[in-house]
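Chain and residue survey
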Amino acid sequence: MSSGARSGADGVLRRRGFLSVLAGVGSGVVAGMGCREAGEGKVLRLAHVLDTRHPVHAGMEHMGEAVERLSEGRLRVRIYAGGQLGSERELLELVQLGALDMVKTSASPMEGFVPGMEVFSIPYVFRDEGHLWRVLEGRVGRALLDLGVDKRLKGLCYYDAGSRSFYTRGRPVMRPEDLRGLKIRVQNSRAAIRMVEAMGGAATPLAFGELYTALDQGVVDGAENNPPSFLTSRHYEVCRYYALDEHTSVPDLLMVGTPTWERLDGREREWLEAAAEVSMRFQRELWAGRTREDLETLAGAGVEILHPDKVRFQEAVRGLQASYRGTAAGPWMEAILEQG
């Protein structure tokens, strides 16, 4: 791991929030803060930035219940939600160090650690939901999960995060041209930045936990995300237009650090992998229902749900997609596009 990543993670460890949660664990060896013995079993610490009402959080809870059941209590998972231990990038750095065992992260922040992961942020690389899941559950998807092992990050499964679309404060977005002059919050993803700029907007990377205030104060004019995240974040209280252009389908990833993985024995690894697989299928079914319900709830709360012509957005980023040939994400993009 680079000295920059290590110093960044060390800085996170000094954060008051992290220290308060880990109080009593001990301050000697960083790796000792990860997977802990508890009675006759082990406890894995898993952190993420989502609200506990989010369907992806429900998927992780299901995974924790499954691993405890499969192991008969010898392996358990403790979840820290809502970004209480840091941003997704900070959590990934902690997992690399072994100070945290697992993290749920969007694929977009993974780009900073594994350049090939940028493929998920290329707009319209997936034709539809069926194509997305054929890729994720097939050879290409499995290979992408292992792409970060040399960076001490091993993927266990994907969670459905639907498709991302634009929501805005002052005016609706029905065409790419409507983004001109608007500051749009994006994840810390080069592809997301390039996508918004290709459509004419001003891309503004910002931590998810800071976004509500930024929208409310007019620091940014809008953002892009899936319906459950738009609802549970309460961003709809500020942004009254939601345009379902569905430009990207960026999955969530459940990652385990290789320092933790190497401390698990064969049976414990099997339990964890089996529980992750069960939770992925559970969460995917939950997501489909929640997305329909949440769109209805948003409309009932006064949000105008818009259905723009996607072809215009696809045309706006066609050159951007072609520019990925020859990059780290290029071969993965070609493999995805070729898959039926």
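For the structure given in this document, a descriptive report is provided here.

The rules we used
Every residue gets a number counted from 1 within its own chain, in the order that chain's sequence is written. Under the rules for a predicted model, residues below a pLDDT of 70 receive no local features and side-chain atom pairs below 80 are neither given nor counted, while totals for whole chains, interfaces and linings still include all residues. Calculation of side-chain values draws on the structure's entire complement of heavy atoms; hydrogens and water are dropped beforehand. Only protein chains enter the calculation, and the probe is 1.4 Å; a residue is then buried if its accessible area is under 20% of its type maximum, exposed if over 50%, and partly exposed in between. Working definition: helices are DSSP H or I runs of at least four residues, strands are E runs of at least two. Numbering for both runs from the N terminus. Residue contacts are counted whenever heavy atoms from the two residues lie within 4.5 Å of one another. Any Phe, Tyr or Trp ring, taking Trp's six-membered ring, that has another such ring centre within 6.5 Å forms a pair; planes under 30 degrees apart are called stacked, those over 60 apart edge-to-face, and the others tilted. Cation placement over rings: the criterion is NZ of Lys or CZ of Arg within 6 Å of the ring centroid and within 35° of the ring normal. With axes taken as lines fitted to C-alpha atoms, and helix axes fitted only over the stretch in contact, angles between N-to-C directions fall between 0 and 180 degrees. The handedness criterion is simple: a crossing whose near helix is rotated anticlockwise from the far helix by less than a right angle is left-handed, and one whose near helix is rotated clockwise is right-handed. By the convention adopted, Pro, Cys, Tyr, Trp, Phe, Met, Ile, Leu, Val and Ala count as nonpolar, Lys, Arg, Asp and Glu as charged, and the other residues, Gly among them, as polar. The working definition used for a salt bridge is a side-chain nitrogen of Lys or Arg within 4 Å of a carboxyl oxygen of Asp or Glu. Using a 1 Å grid laid over the protein atoms alone, points where a 1.4 Å probe fits but cannot get out form a cavity; open sets with protein on both sides within 12 Å along at least 5 of 7 lines form a pocket; any residue with an atom within 4 Å of a point counts as lining. Grid points are joined across faces, edges and corners, and a volume is the space filled by probe spheres set on the points.

It is worth spelling out helix α5 (residues 129-136) at this point. Among the residues of α5, those classed as buried are His131, Leu132, Trp133, Val135 and Leu136. Buried residues in α5 make contact with α6 (139-145), β5 (153-159), α11 (266-300) and α14 (330-338).

Quick look at the packing of aromatic side chains now. Using the criterion set out here, one finds five aromatic pairs in the structure. On the basis of an interplanar angle of 20° and a centroid distance of 4.1 Å, the ring pair of Tyr167 and Phe230 is categorised as stacked. One end of the pair, Tyr167, is in strand β6 (residues 164-168); the other, Phe230, is in helix α9 (residues 227-232), and 63 residues separate them in sequence. Given the relative accessible area of 0%, Tyr167 is considered buried. The class of Phe230 is buried, set by a relative accessible area of 0%. Centroid distance Phe230 to Tyr242: 4.7 Å. Interplanar angle 50°. Geometry classified as tilted. One end of the pair, Phe230, is in helix α9; the other, Tyr242, is in strand β10 (residues 241-248), and 12 residues separate them in sequence. Taken as a pair, Phe230 and Tyr242 share a single burial class, namely buried. Aromatic ring contacts, followed pair by pair, group Phe120, Phe126 and Tyr158 into a single cluster. The residue whose ring lies beneath Lys154 is Trp261, and the NZ or CZ to ring-centre distance is 5.2 Å. In this structure, Arg234 packs its charged tip against the face of Tyr212, placed 4.9 Å from the ring centre.

One way to put it is that helix α3 (residues 55-70) packs onto α11 with a least axis distance of 8 Å and a crossing angle of 150°. Once α3 is placed against α11, the crossing between them reads as right-handed. The segment α3 lies against α11, with Pro55, Val56, Ala58, Gly59, His62, Met63, Ala66, Val67 and Leu70 engaging Trp271, Leu272, Ala274, Ala275, Ala276, Val278, Ser279, Phe282, Gln283, Leu286, Trp287 and Arg290. Here the residues of the contact of α3 with α11 sort into 16 nonpolar, four polar and one charged.

This paragraph deals with the pattern of salt bridges. Opposite charge on two side chains allows them to pair when their charged atoms are near. Applying the stated criterion to the full structure yields 21 salt bridges. Residue Arg53 pairs with Asp51 through a salt bridge whose shortest N-O separation is 2.8 Å. By relative accessible area, which is 47% here, Arg53 ends up partly exposed. With a shortest N-O distance of 3.3 Å, Asp178 and Arg175 are connected by a salt bridge. In this structure Asp178 comes out as buried when scored by relative accessible area, which is 14%. Its relative accessible area of 35% is what places Arg175 among the partly exposed residues. In the salt-bridge network here, residues are joined through shared partners; they are Glu137, Glu277, Arg281 and Arg284.

Applying the stated criterion across every chain, the model contains one cavity of 30 Å³ or more. Counted as a void, the largest cavity has a volume near 50 Å³. Every residue along the wall of the largest cavity is listed here: Ser108, Ser121, Arg164, Gln187, Ala192, Met195, Glu224, Thr248 and Val250. In terms of residue class, the lining of the largest cavity is built from three nonpolar, four polar and two charged.

Quick look at the layout of surface pockets now. Which parts of space are left empty comes out when a probe the size of a water molecule is rolled across the atoms. Considering only enclosed or pocket space, the largest pocket measures out at about 780 Å³ in volume. As for the largest pocket, its lining consists of 37 residues, and the residues nearest its centre are Val49, Arg185, Ala207, Phe208 and Gly209. Counting residues per element, the ones that place at least two in the lining of the largest pocket are α4 (88-97), β4 (102-106) and α9. Put simply, the second largest pocket is a space of about 490 Å³. Lining the second largest pocket are 25 residues; nearest its centre among them are Glu129, Gly162, Ser163, Glu246 and Ser249. If you tally residues by element for the lining of the second largest pocket, the top one is β10, at five residues. Residues of the lining of the second largest pocket, tallied by class, amount to 11 nonpolar, eight polar and six charged.

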